[in-house]
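Here is how the chains run, residue by residue.
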Amino acid sequence: METYDVVILGGGNAGMGVTVATRAAGLSVAMIEPRDLGGTCPNRGCTPKKVLVAAAHALDEIERADRHAITVDRPRLDWRALIEREKELIRDIPSRLWGLMARRGVDVISGEAVFIGANAIRVNGREIEARNIVIATGSKPRPLPIPGAEHLTNSDDVLNDPELPRAVVFVGGGVIAFELGHVYARAGVDVTILEALPQLLGAFDADAVARIRGESERLGIGIRTLAWVKRIDKAGERLRVTFVADGVECAVDADRVVNCAGRVANVEGLDLGAGVIVHREGRIEIDDHLRSRSNPDIYVCGDAVWNSPQLSPVATYEGGIVGRNIVDGPKHRPNYAHIPASLYTIPALASVGLTEAKAREQGLRVKAHVNDMQDWLSARTYTETVAWSKIIVEETTDQIVGAHIVGHAGEELIHIFALAMKHGITAPQLAEMVYCFPTFSADIRNMM
Ligand SMILES: Cc1cc2nc3c(=O)[nH]c(=O)nc-3n(C[C@H](O)[C@H](O)[C@H](O)COP(=O)(O)OP(=O)(O)OC[C@H]3O[C@@H](n4cnc5c(N)ncnc54)[C@H](O)[C@@H]3O)c2cc1C
């Protein structure tokens, strides 16, 4: 049996995050990774997706060119070349990360690990014991138990598909469906989003989501809520999705049907029982320090944590906390209150802190400052199709408890609000700032 101080299962953002403090403290660290180092974010998630989003942005700018008195021909997108550009941009990331891990003194082992004891794993026939083992194995699409599920594709397939389909159905109306749906719609694809729940994009403020829904429908995206997908059948060369909405059975045909019904922790194949790790259907029970409740030598971080936001900076942050807890003892706890999140539709929806509904549910006395900014000079200058914000401020303290922005460079502005919230800068103090003019940031003064 080989021994290490720390063995990390998974070489994504979370796993990488663990290596910083543990290696700085001189602990021996092994990282097990069956696929590409970097995991989902650079190889199959944020980065390749953003390449497609950037192209869709360019198409959006071209669509509005006439309002700047510019005449352009109808743009033509070479989808195959765009997918090649996406691949080219990320090609050398795993090898650069191998270099980084080598410089940091982490032993990377290629293979898939399983637990064989409370402090031991097996990978490629090697048995390794460690004082601490970290589960950083990420997430996978939630399996959809419906007839015809074998016809479903997922976001990995979309990011690898050199053929631009004519029509796509997304099953599930979450972040990935909206982001990829906007890209496809801008590329001329017929897009339908079917969501079983009454609300789309559940984690975001409902009024902000209403703006995104409106803009999505303006683009021609068909959206149905309370739509239960029953089955997927072959219909000649295409696929037929049968769903029930308002008690009526309906069908829609498409070339691709993408499973966007959420992602679940990828821990099924780890033999958690052998590691004495208690879980409920793959949801590992953890304490405030991200340790398994049943086996405190085992930590969990990133998307493998079932109830924290599935975001790459959160995975890195949690990995960092796990690394520090391994070195210092269980002292550090994650705090998710000021972590911003963006939905990269075009325009984007950016958000930090509480939604208005959550703030009121918590009994806070708040004022929601809601602004339709479309007739503000900055929005008119850039011919924005949507520009909207809601800033939620606690009445007694003037502290900002939530900010939600659609369009208006919100995915950048949101960091100013996150910074203010984290460091207790009040709404009047933020409004007092002298900003560059004319900028979108300067509008913060008038948003609350
Ligand atoms: C299409 C898409 C777009 C996204 N866009 C964004 C975005 O714009 N912004 C954002 O913040 N987040 C985004 N995310 C989410 C983000 O990618 C994840 O939150 C983040 O990558 C999670 O990091 P992780 O380290 O927890 O998991 P991962 O990066 O998934 O890493 C887990 C690693 O564990 C490995 N592994 C699995 N099983 C084993 C095993 N048995 N033994 C050893 N290793 C194993 C896997 O191969 C994988 O490399 C996106 C996700 C998707 C799918």
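This text gives an overview of the structure that appears in the document. All figures in this text were calculated on a predicted structure; none of them were measured in a lab. (Residues numbered from 1 in each chain as written. Predicted model: local features only at pLDDT ≥ 70, side-chain atom pairs only at ≥ 80, totals over all residues. Heavy atoms only, no water.)

Topic: helix α4 (residues 79-90)
Phase 1 of the analysis: Across its 12 residues, α4 extends 17 Å between first and last C-alpha, which sits within 8% of the 16 Å expected from 1.5 Å per residue.
Phase 2 of the analysis: By the burial criterion, the buried members of α4 are W79, L82, I83, E86 and I90. Down the axis of α4, the smallest arc covering the buried residues is 100 degrees, so these residues share one side.
Phase 3 of the analysis: Packing partners of the buried residues in α4 comprise α2 (40-44), α3 (46-63), α5 (93-104), α6 (155-160) and α7 (175-186). (Helix = DSSP H or I, 4+ residues; strand = E, 2+ residues; numbered from the N terminus. Expected span 1.5 Å × (residues − 1). Buried < 20%, exposed > 50% of the residue type's maximum accessible area, 1.4 Å probe, protein only. Arc of directions from axis to C-beta. Contact = heavy atoms within 4.5 Å.)

Things to note about the packing of helix α1 (residues 13-24) against α5
Phase 1 of the analysis: Taken N-terminus to C-terminus, the directions of α1 and α5 make an angle of 20 degrees; their axes are 11 Å apart at the nearest point. Classed by the angle they form, the pair α1 and α5 counts as roughly parallel. Along this stretch, α1 crosses α5, giving a crossing that reads as left-handed. Contact residues: α1 offers M16, T19, V20 and R23, while α5 offers L97, M101 and R104.
Phase 2 of the analysis: Its residues assigned to classes, the contact of α1 with α5 comprises four nonpolar, one polar and two charged. (Axes fitted to C-alpha atoms, helices over the stretch in contact; angles between N-to-C directions. Parallel < 35°, antiparallel > 145°, perpendicular 65-115°, else oblique. Left-handed = near helix turned anticlockwise from the far one by under 90°. Nonpolar A, V, L, I, M, F, W, Y, C, P; charged D, E, K, R; others polar.)

As for the sheet that holds strand β10 (residues 222-224)
In a beta sheet, neighbouring strands are held together by backbone hydrogen bonds and run either parallel or antiparallel to one another.
Phase 1 of the analysis: The four strands are arranged β10-β9-β8-β14 in an open sheet whose pairing can be described as parallel. Edge positions in the sheet fall to β10 and β14 (256-259), since each of these pairs with one other strand and no more. Averaged over neighbouring strand pairs, the angle between their axes works out to 15 degrees when direction is ignored. (Pairing = 2+ DSSP bridges.)

Some thoughts on the sheet that holds strand β20 (residues 349-353)
Phase 1 of the analysis: Read across the sheet, five strands follow the order β19-β20-β23-β22-β21 without closing on themselves; strand pairing throughout is antiparallel. A single partner strand is all that each edge strand has here, and the edge strands are β19 (341-343) and β21 (366-372). The average undirected angle you get between the axes of adjacent strands in this sheet is 10 degrees.
Phase 2 of the analysis: Both β20 and strand β23 (residues 400-406) contribute to a ladder of five bridges, which runs antiparallel. By the bridge assignment, V352 is partnered in β23 with A403.
Phase 3 of the analysis: The strands touched by helix α12 (residues 410-422) within the sheet are β19, β20, β22 (388-394) and β23, with β23 carrying the most contacts at an inclination of about 175 degrees.

Don't take any of this as a statement about function, it's just geometry.
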